[in-house]
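Single-letter residue listing:
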Amino acid sequence: MPQPRLIASIIAAVLASGATLPCAARTPVPSAADMDRDLLEVTIPALERLYAQRKYTVTQVVKWHLARIERVNGIYRAVETVMRAEALAAAAREDADAAAGSGARGLLFGVPIVIKANTSIAGQVTTDGWEGYTIAGHELVAPRDATIVAKLRAAGAIVIGHTNMPDFANSDTNRSSSFGRTGNAYDVRFSPGGSSGGTVTAVTANMAVLGNGTDTGNSIRMPAATSAVIGVFPTRGLVSIAGIAPLDWMLDNTGPIARTVTDAAIALSVMVGEDPLDPATAQSAASAQPGPYTQYLKADVLRGKRFGVPAFILQGAGIPFHGTPASVPESAAVKQAVEQAIPLDPATRAVFMKAVDELRAAGATVVFDDSILPEDFARTASRISTYAYVKEGTDRFLSEFGPAQYHSAADYLRVVGGPIGAPAVGEEPTVAHIGGVTIYQRNIETDPDAEASYYAPRRRALMTYVDTLDRLHLDGYVYPAIQMPPPDETMAQDGHVSEGPHSATSWVNMLGIPAIVVVGGFYDSGLPFGLEISARPWKDGDLLGFAYAWEQATHHRRPPVLVDKGLLPNAR
């Protein structure tokens, strides 16, 4: 009698070849209309039910998503590398396992996902948005999966592509030298934000069910806000960043981007865990709320909760990206913060106040007070300085996830004949020189200035954050995820090409506290507004609960109407 594994192998080969199975084992061929109805805006639980009913095979679902990419990606440019053959082979294996009844299904069985292009996928080029990692013969080919990719695959997810991102993730919009510009799914002329704009456009446009983003200063949350999706910034250390090309490893984080809070909670449940390659995860088992995170999702959880609105965000106070080291005089630090201040747009303030009313209608109390994270908090957070350690992060990444040719920035220079881009090695002139002080690259473990420039101000800012929660009996904070609506990128804004929809939320990265962006409503233009909620460190389950209750009370999300032809046949 044939063994189950042999049967599974035969079925996998048949599915991969495109041939049909005998009628008794074959899922009926669905109509295009049925698939569009069932898979547009499909959630993970709904997809699980469709598989359980044997209405669709994994291969059929993956092909539907690949066809959607093929139809609209030329306009929106969300997916840089489509992994069609690999995705179909993985789908065939899962179909074969299901047919043979072998093995338990993971939480993400048969779920098509996308991965941001700075996140390593074994055998694929980690472009990091930068053309220098795609030079023929010198590509940054990943030797193995990033930790989160391995976890997502182990849970059954099917990786269908790498998503576009700006060079080194160093932008608030989504233009890359390796692939071009990504457009907003709600209106391709407008910015989807950066640097996870490729993932948010792919997910909101139903090219994939979910994906990962990375966030160094706002790069999960700000793009999520432009595109009516859920963006999760976990407590730093809950999820490993090993295998992700860093922009600033002291601030970097990764988390799920999804269309619903439930899907985000399921994905986060898979992504979490300690990892010896990321020391920041060492305390996660002892500190984090236990999973799965779906257990915290209750529709009435906002009732009786109290949220404060950070005063400095409404005032538009600036917090310089990477912070300002202690060696920079206070006058120069203040000048830098003023120059980088981002006023809150009146249209954004108006839609935020509508969201506050909706929070109150859901049973929450929202507190406005000038003492809630005032400008002094912003000044303290501004002194959490990390730029001196940027190159250390890049070298750490390349040492473990670089190609055979190079395992450090110095190796890259020697082999390729040119340097790695300035943002990845800490050599940007406008950032490395502040107030007459030059920031030289060093290792944080041996830096005598690390206490004054990083650890001490971080402790003070985190203490203020938590003490304010305690003093006013708050459960978290709420605020606009970005300071303005998504800008039109087809024309100059303020005399220059748009640099994206800026935020005032980089302090979240500096403290490492959890935050989530939910669909907060829509502007009169039809573009989405994102509401951000942050909570106590390691209370990621509670935070997801707040987001779920908001989602169930408002049901703001509506899918975009896409175009597959028009004035921008190739948005590059």
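Everything that follows concerns the structure shown earlier in this document.
> Hey, could you go over the nonpolar core for me, with residue numbers and the actual values?
Grouped together as the largest cluster of nonpolar side chains are 117 residues, with contacts concentrated most on Val62, Leu108, Ile160, Met207 and Leu544. Here the element with the most residues in this core is helix α4 (residues 58–76); it accounts for nine residues. Among residues more than four places away in sequence, those in contact with leucine 108 are Ile44, Leu152, Ala155, Gly156, Ala157, Leu210, Ile266 and Val270. Core analysis: the next-biggest nonpolar cluster, separate from the first, contains 43 residues, Val390, Ile439, Tyr465 and Ile513 among them.

> Could you give an account of the side chain of asparagine 206, with specific residues and numbers?
By the element assignment, asparagine 206 lies in the loop between α7 (197–204) and β6 (210–214). A relative accessible area of 1% means that asparagine 206 is categorised as buried. Those residues in contact with asparagine 206, other than ones at most four positions away along the chain, are Leu39, Leu40, Glu41, Val42, Trp64, His65, Arg68, Arg259 and Arg557.

> Lay out helix α19 (residues 450–471) in plain terms, naming residues and giving numbers.
Along its 22 residues, α19 runs 30 Å from first to last C-alpha, staying within 8% of the 32 Å computed at 1.5 Å per residue. The sharpest bend along α19 comes to roughly 25°, located at alanine 456, with the proline proline 457 sitting one to four residues further on. The set of residues buried in α19 consists of Ala450, Ser453, Tyr454, Ala456, Pro457, Ala461, Tyr465, Thr468 and Leu469. Each element contacted by the buried residues of α19 is listed here: α14 (375–382), β13 (476–480), α20 (506–511) and β15 (528–534). Following α19 by one or two positions, histidine 473 has its phi on the positive side, about 55°.

> Outline the packing of helix α2 (residues 32–39) against α4, supporting the account with residue identities and numerical values.
Packed helix pairs are specified by the crossing angle of their axes together with the interaxial distance, meaning the distance between the axes. One way to put it is that α2 packs onto α4 with a least axis distance of 11 Å and a crossing angle of 85°. Relative to α4, α2 is oriented roughly perpendicular. Contact residues: Met35, Asp36 and Leu39 in α2; Gln60, Val61 and Trp64 in α4. The residue inventory of the contact of α2 with α4, partitioned by class, reads four nonpolar, one polar and one charged.

> Please set out the sheet that holds β13 residue by residue, giving values where relevant.
Spatial ordering of the open sheet is given by β1-β3-β2-β6-β8-β7-β14-β15-β13-β9-β10, a layout of 11 strands whose pairing is mixed. Sheet topology places β1 (79–82) and β10 (365–368) at the edges, where each strand pairs with a single neighbour. Taken pair by pair, the neighbouring strands of this sheet meet at an average axis angle of 30°, ignoring direction. Of the strands in this sheet, β2 (112–116), β3 (158–163), β6 and β8 (254–258) are in contact with helix α6 (residues 147–154), which crosses β2 at around 180°.

> How would you explain the environment of glycine 213 if you had to name every residue and give the values?
Summarising the element assignment, glycine 213 is placed in strand β6. Judged by its relative accessible area of 0%, glycine 213 falls in the buried class. Spatially, the C-alpha atom of glycine 213 lies 26 Å from that of proline 343, the residues being 130 residues apart in sequence. Setting aside chain neighbours within four positions, we find glycine 213 in contact with Lys116, Ser196, Ile220, Asn253, Thr254, Gly255 and Ile257.

> Hey, could you go over empty space enclosed by the protein for me, with residue numbers and the actual values?
Applying the stated rule across the entire model yields one cavity of 30 Å³ or more. Of the volumes computed, that of the largest cavity is approximately 40 Å³. Around the largest cavity, the lining residues are Asn118, Ala169, Thr214, Asp215, Thr216, Ile244, Ala245, Leu247, Asp252 and Asn253. Residue composition of the lining of the largest cavity, by class: four nonpolar, four polar and two charged.

> So what's going on with α6? Residues and values would help.
Among the residues of α6, those classed as buried are Thr147, Ile148, Val149 and Leu152. Here the buried face of α6 lies against β2, β6, β8 and α9 (261–271). Among the residues trailing α6, glycine 156 stands out with phi positive, at a value near 105°.

The rules behind each value
- Residues numbered from 1 in each chain as written.
- Predicted model: local features only at pLDDT ≥ 70, side-chain atom pairs only at ≥ 80, totals over all residues.
- Heavy atoms only, no water.
- Core = buried A, V, L, I, M, F, W, Y, C linked by side-chain atoms within 4.5 Å.
- Buried < 20%, exposed > 50% of the residue type's maximum accessible area, 1.4 Å probe, protein only.
- Helix = DSSP H or I, 4+ residues; strand = E, 2+ residues; numbered from the N terminus.
- Contact = heavy atoms within 4.5 Å.
- Expected span 1.5 Å × (residues − 1).
- Bend = angle between axes of the 7 residues up to and from the residue.
- Axes fitted to C-alpha atoms, helices over the stretch in contact; angles between N-to-C directions.
- Parallel < 35°, antiparallel > 145°, perpendicular 65-115°, else oblique.
- Nonpolar A, V, L, I, M, F, W, Y, C, P; charged D, E, K, R; others polar.
- Pairing = 2+ DSSP bridges.
- 1 Å grid on protein atoms, 1.4 Å probe; cavity = no way out; pocket = protein on both sides within 12 Å on 5 of 7 lines; lining within 4 Å.
- Points joined across faces, edges and corners; volume = space filled by probe spheres on them.

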